[in-house]
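Geometric and topological summary
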Amino acid sequence: MSTTTATPIEGLPPGPSLPRALQTAGFILRGPSYLKKLQAEHGDVFTMRITGEGRWVILADPAHIKQVFTGSPDVFHAGKGNQVLLPLLGDHSVLLLDGPEHLRQRRLLLPPFHGQRMTAYGELMDEITAEEVARWPVGEDFASWPRMQHITLEVIMRAVFGVEQGPQLDRVRTALNRLLDEVMRPTTMAVLSAIGPHRFRELAIVKRELARADAEIYPVIRERRAAPDLEDRQDILSLLLQARHEDGRPMSDEELRDELMTLLVAGHETTATTLGWAVERLTRHPDALARATAEVREQGADGPFLDGVVKETLRLRPVLSVVVRQLQEDAEVAGYRLPAGTRVVPCIQLAHRRPDVYPDPDAFRPERWLDQQPGTYSWLPFGGGVRRCLGASFALFEAKRVLAGILGQVDLAPAARDGEQVRRRAITQTPQHGARITVAARHDRRPVQEPVAVPA
Ligand code: HEM
């Protein structure tokens, strides 16, 4: 690992000389292999030019990534890079704020996501998984990723929004699904980038779609605020309704709406994609599949091998390949004196393939985590510092509960075909064919019930 040089070099590190459009295309279309090629040519620090983003200084060395994650939040801004989500998430979203405003909002959101609280959602996750897996066909190849999305959306609706099964859940789910579909469409994204988020959200069609979703979300917030059992409820919305700003104010309906949308957008597709990749990787590695299945059937979701499966999936198939910070003033990073405005980019993808941290780095080996702890700056699927994913404990807990639910209920067939390539969708790295799997047989883990004696 390199360290900072005594006298920093002025200006940007070298990088590829290809035109901006070709560098952007390489990053979007070839993703992991393009980044690897550039690292081989330029080393652990290099500059890329990305359309609409200016210059990115890519960092692959954990020592340099640490400089960014421990740097001042007033200098390393993240919110500006997420502005494309403004129309959907709204002005109060923790993802879009920076500096003291961001920290204030983050402080309110953190306690409900504390690791130890997650067990409150375990049974709900088991129930949702069991219902979904009961519908999976046997002996037929199918794409698991959409099924995982169904599970994670349902988990968010019920654990985060706290909406019970029934007509209201159906209406909220339909409205949010529709909105997400509209926004994630490539044509919508293209218009959004062309005219900018502020003008985009003033378009009549956008206003109409947002109003349709808001018409379902605001009643949930208002009804919950008035709920007599608010203090006893476990859902995240109920906890946020009881949170207070430093001056004692509760969060407004608008703040709550924006944070609920943020949690939905940040937590739904990301977790579904990790689950899709986990079964895709397991079915391509029959030994790991057999070991994980045996462990789950003995110990449920708490076994160390299953934990390794989730960590290894996030290492080799991180949902996001980079996180971005924009410098608000000149700063020294990786031995360079970088000018204000530069974007410094800890590269999750490259940090996760370092042979000095991960022997045989390209191999899927969940067992490596049996005697290795994840390093803060070398295992970063959830980013880092004051912007680290708020839902990391939630996502890890959910991934294990859902995988245990699947492996406990069905025997997955080892796949004969090659692993799926990474395909970029909006900003996430998804399995090219939707993580296709086959259920070989159903395995009922519940003990066979004795017939109930009926009194004569
Ligand atoms: C496997 C699933 C997930 C992955 C891979 C993931 C990854 C990430 C990453 C990389 C970031 C940016 C961190 C940075 O800039 O340093 C982030 C931020 C965030 N994530 Fe997640 N996430 C996941 C699940 C979730 C879930 C389930 C939730 C909530 C329900 C959530 C809520 C958030 C929020 C609110 C932020 C913004 C934090 C801030 O700006 O302060 N995420 N996530």
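Residues numbered from 1 in each chain as written. Predicted model: local features only at pLDDT ≥ 70, side-chain atom pairs only at ≥ 80, totals over all residues. Heavy atoms only, no water.

Selection rule: UniProt positions are given in the numbering used here, feature names are shortened, and annotations may be inferred rather than shown by experiment.
The protein chain is annotated in an unreviewed UniProt entry as Cytochrome P450 from Patulibacter brassicae. UniProt lists a comment for the protein chain under the heading Cofactor (unreviewed entry), and it reads "heme".

1. Remarks on the coordination of the iron atom of the ligand
Using the following cut-off: Ligating atoms shown are N, O and S within 2.8 Å of the metal, or 3.2 Å for Na, K and Ca, and water is not included, meaning a site may look less than complete. The numbering of helices and of strands both runs from the N terminus, where a helix is a DSSP run of H or I of at least 4 residues and a strand a run of E of at least 2.
For the iron atom of the ligand, the sole protein-derived donor is Cys 389 (SG), lying 2.2 Å away. Locating Cys 389 in the fold gives a position in the loop between helix 16 (348–351) and helix 17 (392–409).

2. Re the site of the ligand
Worth spelling out the cut-off: Throughout, near means a residue has at least one heavy atom within 4 Å of the molecule or strand. Here a polar contact means two N or O atoms within 3.5 Å. Within protein one must be a hydrogen donor candidate and the other an acceptor candidate, and residues neighboring in sequence count only if both atoms are side-chain atoms. In this classification, Asp, Glu, Lys and Arg are treated as charged, Ala, Val, Leu, Ile, Met, Phe, Trp, Tyr, Cys and Pro as nonpolar, and every other residue, Gly included, as polar.
Taken together, 26 residues are adjacent to the ligand, and His 102, Arg 106, Arg 325, Gly 384 and Cys 389 come closest. Separating an oxygen atom of the ligand from a side-chain N or O atom of Arg 106 is a distance of 2.7 Å. In this structure, Ala 266 approaches the ligand through a main-chain N or O atom, which is 3.5 Å from a nitrogen atom. Every element with two or more residues in the shell around the ligand is listed here: helix 5 (99–109), helix 13 (253–283) and helix 17. Among the elements that make up the shell around the ligand, the one with the highest residue count is helix 13 (six residues). Counted by class, the shell around the ligand contains 15 nonpolar, eight polar and three charged residues.

3. Structural notes on the packing of aromatic side chains
Selection criterion: A pair of Phe, Tyr and Trp rings is counted when the ring centres sit within 6.5 Å of each other, with Trp represented by its six-membered ring. The angle between the planes then sorts it: under 30 degrees is stacked, over 60 is edge-to-face, the rest tilted. Throughout this description, buried means an accessible area under 20% of the type-specific maximum (1.4 Å probe, protein chains only), exposed means over 50%, and partly exposed covers the range between. Think of it as a cone above the ring: NZ of Lys or CZ of Arg counts as a charge over the ring if it is within 6 Å of the ring centre and within 35 degrees of the ring normal.
For the structure on display, the rule yields eight aromatic pairs. Note on Tyr 121 and Phe 394: the rings are 5.8 Å apart at their centroids and 55 degrees apart in plane angle, and the pair reads as tilted. Of this pair, Tyr 121 sits in the loop between helix 5 and helix 6 (122–133) while Phe 394 sits in helix 17, placing them 273 residues apart in sequence. Here Tyr 121 falls in the buried class, since its relative accessible area comes to 3%. Over the ring of Tyr 358 we find Arg 315; its NZ or CZ atom is 4.7 Å from the centre of that ring. One cation-aromatic arrangement involves Arg 317 over Trp 277; the distance from NZ or CZ to the ring centre is 5.0 Å.

4. Some words on a nonpolar patch on the surface
Keep this limit in mind: Patch membership is restricted to residues that have no salt bridge and whose relative accessible area is over 30%. Joining uses 9 Å for like charges and 5 Å for the nonpolar side chains Val, Leu, Ile, Met, Phe, Trp and Tyr. In short, Shrake-Rupley with a 1.4 Å probe defines the accessible areas, and a residue's cover is counted only from the protein chains shown. Salt bridge, as used here, is a side-chain nitrogen of Lys or Arg placed within 4 Å of a carboxyl oxygen of Asp or Glu.
Taken together, the side chains of Val 191, Leu 203 and Ile 205 make up a nonpolar region of the molecular surface, amounting to roughly 220 Å² of accessible area. Here Leu 203 shows up in the loop between helix 10 (197–200) and helix 11 (204–225). The exposure class assigned to Leu 203 is partly exposed, which follows from its relative accessible area of 31%.

5. Some points on the sheet that holds strand 5 (residues 141–143)
This is how it is decided: When DSSP finds two or more bridges between a pair of strands, those strands are recorded as paired. Only the stretch in contact is used when fitting a helix axis, every axis being a line fitted to C-alpha atoms; angles between N-to-C directions are given from 0 to 180 degrees. By definition, residues are in contact when any of their heavy atoms lie within 4.5 Å.
Read across the sheet, three strands follow the order 5-13-10 without closing on themselves; strand pairing throughout is antiparallel. Each end of this open sheet is capped by a strand with a single partner; those strands are strand 5 and strand 10 (410–412). Averaged over all pairs of adjacent strands, the angle between their axes in this sheet comes to 50 degrees, without regard to strand direction. Alignment of strand 5 against strand 13 (residues 436–442), held across three bridges, turns out to be antiparallel. Following the sheet pairing, Asp 141 is matched in strand 13 by Thr 438. Where helix 17 meets the sheet, it contacts strand 10 and strand 13, and its direction lies at approximately 95 degrees from that of strand 10.

6. A few points about the nonpolar core
Defined as follows: Definition used in this section: a nonpolar core is a set of buried Ala, Val, Leu, Ile, Met, Phe, Trp, Tyr and Cys residues joined via side-chain atoms within 4.5 Å.
In this structure, Phe 161, Leu 176, Leu 264, Phe 394 and Leu 412 are the most contacted members of the largest nonpolar core, which totals 92 residues. Ranked by residues supplied to this core, first place goes to helix 13 with 11 residues. If sequence neighbours within four positions are ignored, Leu 264 has contacts with Leu 153, Ile 156, Met 157, Phe 161, Leu 176 and Leu 180. By size, the runner-up hydrophobic cluster in this structure holds 19 residues, among which are Val 75, Leu 327, Ala 334 and Tyr 336.

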